[in-house]
Amino acid sequence: MALSFQELQAQLQPDWGCEHNGDGGQFDVLVVPSLSMEQALMALVTGAHHYEERQLFSLMRLRDPGVRAIYVTSKLLPELVVDAVLELMPGVPTSHARRRLHLFDTDDASNRPLTAKLLERPALLGRIRDLLRPGRSFISCFVVTELEKRLSEVLQVPLLGTDPALGYWGSKAGSRALFARCGVPHPPGSDLAYNLADLTEATAALWEAHPELRRCVVKLNEGISGEGNACLELAPLQLGELSSRERRQRILAALEQLPMPAALWQELLTQQGALVEAWLEGGDALSSPSVQGTIHPGGRVELLSTHEQILGGVSGQTYLGCRFPAKEPYRLELMRHGQAVGEALAAEGALERYAVDFIARRINGTWDLQAIEVNLRQGGTTHPTMALRAITTGRLDPATGLFMAPTGQAVFYSATDNLTAPQLRGLLPADLIDIVAEADLHYDPARLRGSVFHLLGCLSEYGKLGMTCIGRSAEEAEAVYRATADGLIARASQLQAQL
């Protein structure tokens, strides 16, 4: 008799959540890096179908000689792209890891989620199932939706991730409820609204409770990476000079013209709802830190990292990159809040990656932290952390929040998914490797310095690249970032000039 999703998850072993055990673990991991999220939002991400490459850093599990990995993508990955990751793993010959890695693809480059493509191909699923050792296999995904849940049940293989039935806790409304439960500070805001009239009323009520607000942020309940958030300017509306009825009319007119990044946002409003939240400002400094953790089978919560997020785009809230770790004055407070949220999520039955985003303001010399959302999935900060752990074999020091290499040296990085320049368009991954080698930009384990690359599939078509730039201080990591970006663009320009 086939087991249910929950019955399958009961088979997960605590050590399967560890990226590297070093204890001779014997298991298989099926990696399905499907971006099974709202397609209207994913359409805003340049080269989104290549983002399946980001989870290649999960292959660090192959450092354990008893581990095998099956990695599935929409289109076949070039060997060079795969080897570029495997060669980063210290202490394991690339050939040894490669023998324990099996690559599959659906030969389908459409924009639909990879998991949906897999479920349409029973013969391919059969070949994958034949490779997985019964009772010693699990699935790892970027995000878990009903599609991934169905895949787990079809293959009869447990999935290490949060049941989509618990997805509420990763929504904007669920995040606010979780913060209130855990005593984590968060901005004033509203309940969900599903039409413009109710959203207008929620906005008016928020301003009436906080008439000092100059702006607020409207958030689609299931927005991702800042796509689905938009700033609503309140100060120009001069709401204090209006009657209650006039105030709502003016707010409604402003909402109808809202510069929401997500296409067809009013349609998404009726489907998933939206809320309004105070836009935090003031003080003499402002930043967007986050904390990441993982929940192991059995409920143990492990903090993995803190970051300063780099935001941009139309709304100023689209994730572009990050710096590790978060600033020292509030880093440990971030970790305390992250631990509290992780334990609350574990109590609800959540598993694997989660992250909590914050706004930090320095007011009269003191930093104020306010939580703004929870992500119950892997994200833009996941793969840089995986890369660092893979190539340094270090660990996060819980007393300081610093990442320590085995030598005792603290290690820092600056990372991005969005190094974009027209000069890079047309470069092949092999060209990139040549440029990096010639300019000595690659990561050097002896110096704990250099750059690691991802999203190589975006390079030729979009002139876009991802990279994690490592150094022994925040300043050195940023210098490596600038040198790498400038060096790649300059060399690419030279190559174009030779044509």
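Since we're looking at a predicted model, the values are computed, not measured. (Residues numbered from 1 in each chain as written. Predicted model: local features only at pLDDT ≥ 70, side-chain atom pairs only at ≥ 80, totals over all residues. Heavy atoms only, no water.)

Section: helix H13 (residues 382-392)
Spelled out, the test is: Under the scheme applied here, a residue whose accessible area is under 20% of the maximum for its type counts as buried, over 50% as exposed, and between as partly exposed, the area being computed with a 1.4 Å probe on protein chains only. In DSSP terms, a helix is any run of H or I states spanning at least four residues, a strand is any run of E spanning at least two, and both are numbered starting from the N terminus.
Among the 11 residues that make up H13, 11 are buried, leaving the element largely enclosed by the rest of the structure. Among the residues making up H13, those that are buried are Thr-382, His-383, Pro-384, Thr-385, Met-386, Ala-387, Leu-388, Arg-389, Ala-390, Ile-391 and Thr-392. Positive backbone phi, approximately 50 degrees, marks Thr-393, located one or two places after H13.

Section: unusual backbone geometry
Among all residues save glycine, negative phi is the norm, and among peptide bonds the norm is trans. Between Phe-324 and Pro-325 the backbone carries a cis peptide bond, its omega angle lying at -5 degrees. Its location among the elements puts Pro-325 in the loop between strand E11 (318-324) and helix H12 (328-348). A positive phi angle, near 55 degrees, is found at Asp-107, a position not held by glycine. Mapping Asp-107 onto the fold places it in the loop between strand E3 (101-105) and helix H5 (114-119). When its relative accessible area of 55% is taken as the criterion, Asp-107 is described as exposed. Here the phi dihedral of Asn-364 falls at roughly 55 degrees; this positive angle occurs in a residue that is not glycine. Looking at the element boundaries, Asn-364 is found in the loop between strand E12 (352-363) and strand E13 (366-375). When its relative accessible area of 77% is taken as the criterion, Asn-364 is described as exposed.

So, the pattern of salt bridges
Pairing between side chains becomes possible if they bear opposite charge and their charged atoms approach one another. Rules: Whenever a carboxyl oxygen of Asp or Glu lies within 4 Å of a side-chain nitrogen of Lys or Arg, that contact is scored as a salt bridge.
According to the stated counting rule, one finds 30 salt bridges in the structure shown. One salt bridge connects Arg-133 with Asp-28, and the closest N-O pair in it is separated by 2.6 Å. Of the two residues, Arg-133 sits in the loop between helix H6 (122-131) and strand E4 (137-141) while Asp-28 sits in strand E1 (residues 27-32), which places them 105 residues apart along the sequence. One salt bridge connects Arg-482 with Asp-486, and the closest N-O pair in it is separated by 3.9 Å. Of this pair, Arg-482 and Asp-486 both sit in helix H16 (residues 474-497), four residues apart, which is roughly one turn of the helix.

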